[in-house]
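Architecture at a glance
This is what each chain is made of:
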Amino acid sequence: MIDFTRRSMIQGGTALAATGALTGPALLEWSKAWAQAAHWMPEKGAKLTLLRWKRFIQAEEDAFMALVANFSKATGVNVSVVNESLDDVQPKASVAANINSGPDMFWGLYSLPHLFPDKVVDVTDIADYLSKKYGGWVPSAVAYGKSGNKWIDIPVAYNGNMQNYRKAASEKAGFKEFPKTTDAFLAYAKAMKAQGTPGGMALGHASGDGNAWVHWCLWTFGGNLVDEKDKVILNSPETAKALEYAKQLSETFLPGTASWNDSSNNKAFLAGECYWTGNGCSIYAAAKAQKMEMADDIDHAYWPIGPIGRPTEFHICYPIMIMKYSKFPQACKAFIAFMMEAAQLDPWVEKSVGYLTPGLRYYEKNPIWTSDPKLAVFRDVAERTLTAGGLGSVGEKAAAALADFVVLDMFANYCTGRDDLKGSMAAAERQAKRIYRS
């Protein structure tokens, strides 16, 4: 009878979570039942440390910490959470992997676990469990999660990087909707600058926003870092066209984007200095939370499509991994599985106000995607995104190219005039060939 009750509570939690029915004591009881019936039993005396990227939406972090508290109350395992900026997660994880000491888990960006696939715990059991229960993983999640035949991380969610723009200024510039093609986008950017309402995107080492827009630009003009066999093909006519377009676009940016990091455009937009940019929905969420008048004027749009004729969006995947040096791998597995259950993840996604889009198909039904039309474009980012390897594989070399900002620096060097067209491509090509050499 006890086992039946536990199963009922766990299965019922999946259905009830989306309606908000599981809260307070009911959610805690569900958590305790889950912990007693889970496939992964924490080691005696387990204590965990998780290093994650620093939140951009306070409500997201609050919901996550509530989830952490639920896990600790249900299992007795204390979980200490360390927050670092997006750009600091990768180097800290790399150091920990090298010295075999540090946080038990890292929650990072893109293909970070592929930098050191032999230093992380096989989590195929968790991935298979979640896939069977929650409708399967989208293809990009499989690409990011697997190394060979095993899963080396769990792709928790994606941060959709879409175009954020001010509607009134856009209409004043002659655009009733955000441009759908690269030609129209350039005309839009020029018109917005001409009337004193410019936009801008990061050309500094912004792991999220900077990488997102330059890869979109490279791919939409048919350029690629490598081909299907991971052969470097960056130095090409298509890459040259992408760079020439980006330079024209960057000439419309407000000053300072050459040094922007991932928080710079958020600050500039909310300060009324930037009127369009590539970003998650965190700008909109902050404007709403602060009850700013501009919240009603903000909207989101898909990235324009270029000569290649299809979407080439690049959204941030947030994979979580367990380090092999951890003394408590079963406790880590229990925590990851717990956080991905609907009773925990559904309310967390809602509190993130659309900032997090899970890679499991079940969560496409979360009510956040229909609660506000301005968030609708973020629902399918896990399905739409291309992956860090582009045409090539998602592995250690693709992860290294991203971590070293090969493509971003190439665009920045040309757009800022630090190098000419041929020099920018040649330098990036040499760097890419060093990374991709056999």
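In this report, the structure presented in the accompanying data block is examined. Just so it is clear, the model here is predicted, and its values are computed rather than measured.

Turning to the pairing of strand β10 (residues 316–322), a few remarks are in order. Burial runs high along β10: seven of the seven residues are buried. Examined bridge by bridge, strand β3 (residues 105–107) and β10 share three bridges and lie antiparallel to one another. Counterpart to Phe106 in the pairing with β10 is Met321. When strand β6 (residues 154–159) meets β10, the two strands line up antiparallel, connected through five bridges. In the sheet register, Tyr158 faces β10, and the bridge partner there is Cys317.

A word on the packing of aromatic side chains. By the definition in use, this model includes 33 aromatic pairs. Ring centres 6.5 Å apart and planes at 70° place the aromatic pair Trp216 and Tyr245 in the edge-to-face group. Here Trp216, found in helix α9 (residues 209–220), pairs with Tyr245, found in helix α10 (residues 237–250); they are 29 residues apart in sequence, far enough to count as distant. No difference in accessibility class separates Trp216 from Tyr245, as the two residues are buried. Its guanidinium or amino end placed over the ring of Trp53, Arg52 lies 4.2 Å from that ring's centre, counting from NZ or CZ. Positioned above the aromatic ring of Tyr302, the side-chain terminus of Arg384 is 3.9 Å from the ring centre.

Our focus in this paragraph is the side chain of Thr387. With respect to the helices, strands and loops of the structure, Thr387 is situated in the loop between α16 (381–384) and α17 (396–403). A relative accessible area of 13% places Thr387 in the buried class. Contacts of Thr387, omitting those with residues within four sequence positions, involve Ser140, Ala143, Tyr144, Trp219, Phe314 and Val394.

To continue, consider the nonpolar core. Counting 160 residues, the largest nonpolar core has Ile154, Trp213, Leu249, Trp276, Phe335, Trp348 and Phe411 as the members making the most contacts within it. Setting aside residues no more than four positions away along its own chain, Trp213 makes contact with Met201, Ala202, Leu203, Ala246, Leu249, Phe253 and Trp303.

Let us look at the sheet that holds strand β2 (residues 78–84). On the basis of which strands lie adjacent, the open sheet formed by six strands has the order β2-β1-β3-β10-β6-β11 and mixed pairing. The outermost strands of the open sheet, each flanked by one partner alone, are β2 and β11 (357–358). Packing against the sheet, helix α3 (residues 58–75) makes contact with β1 (47–53), β2 and β3, and its axis sits at approximately 160° to β2.

Every buried residue belonging to helix α5 (residues 124–133) is among Thr124, Ile126, Ala127 and Leu130, and all of these are buried. All buried residues of α5 fall inside an arc of 160° around its axis, so they share one side. Buried residues in α5 make contact with β5 (150–151), β6 and α13 (329–339). Downstream of α5 by one or two residues, Gly135 has phi in the positive range, about 80°.

Within helix α4 (residues 86–99), burial applies to Leu86, Val89, Ala93, Ala96 and Ala97. When α4 is viewed along its axis, its buried side chains cluster within an angular range of 95° and face the same direction. The exposed set on the far side of α4, more than 90 degrees from its buried face, consists of Asn98 and Ile99. At its buried positions, α4 is contacted by β1, β2, β3 and β10. Positive backbone phi, approximately 55°, marks Asn100, located one or two places after α4.

Here is what the cut-offs are and how they apply
- Residues numbered from 1 in each chain as written.
- Predicted model: local features only at pLDDT ≥ 70, side-chain atom pairs only at ≥ 80, totals over all residues.
- Heavy atoms only, no water.
- Buried < 20%, exposed > 50% of the residue type's maximum accessible area, 1.4 Å probe, protein only.
- Helix = DSSP H or I, 4+ residues; strand = E, 2+ residues; numbered from the N terminus.
- Pairing = 2+ DSSP bridges.
- Phe/Tyr/Trp six-rings, centres within 6.5 Å; stacked < 30°, edge-to-face > 60°.
- Lys NZ or Arg CZ within 6 Å of the ring centre and 35° of its normal.
- Contact = heavy atoms within 4.5 Å.
- Core = buried A, V, L, I, M, F, W, Y, C linked by side-chain atoms within 4.5 Å.
- Axes fitted to C-alpha atoms, helices over the stretch in contact; angles between N-to-C directions.
- Arc of directions from axis to C-beta.

None of the figures reported here should be taken as evidence of function without further support.
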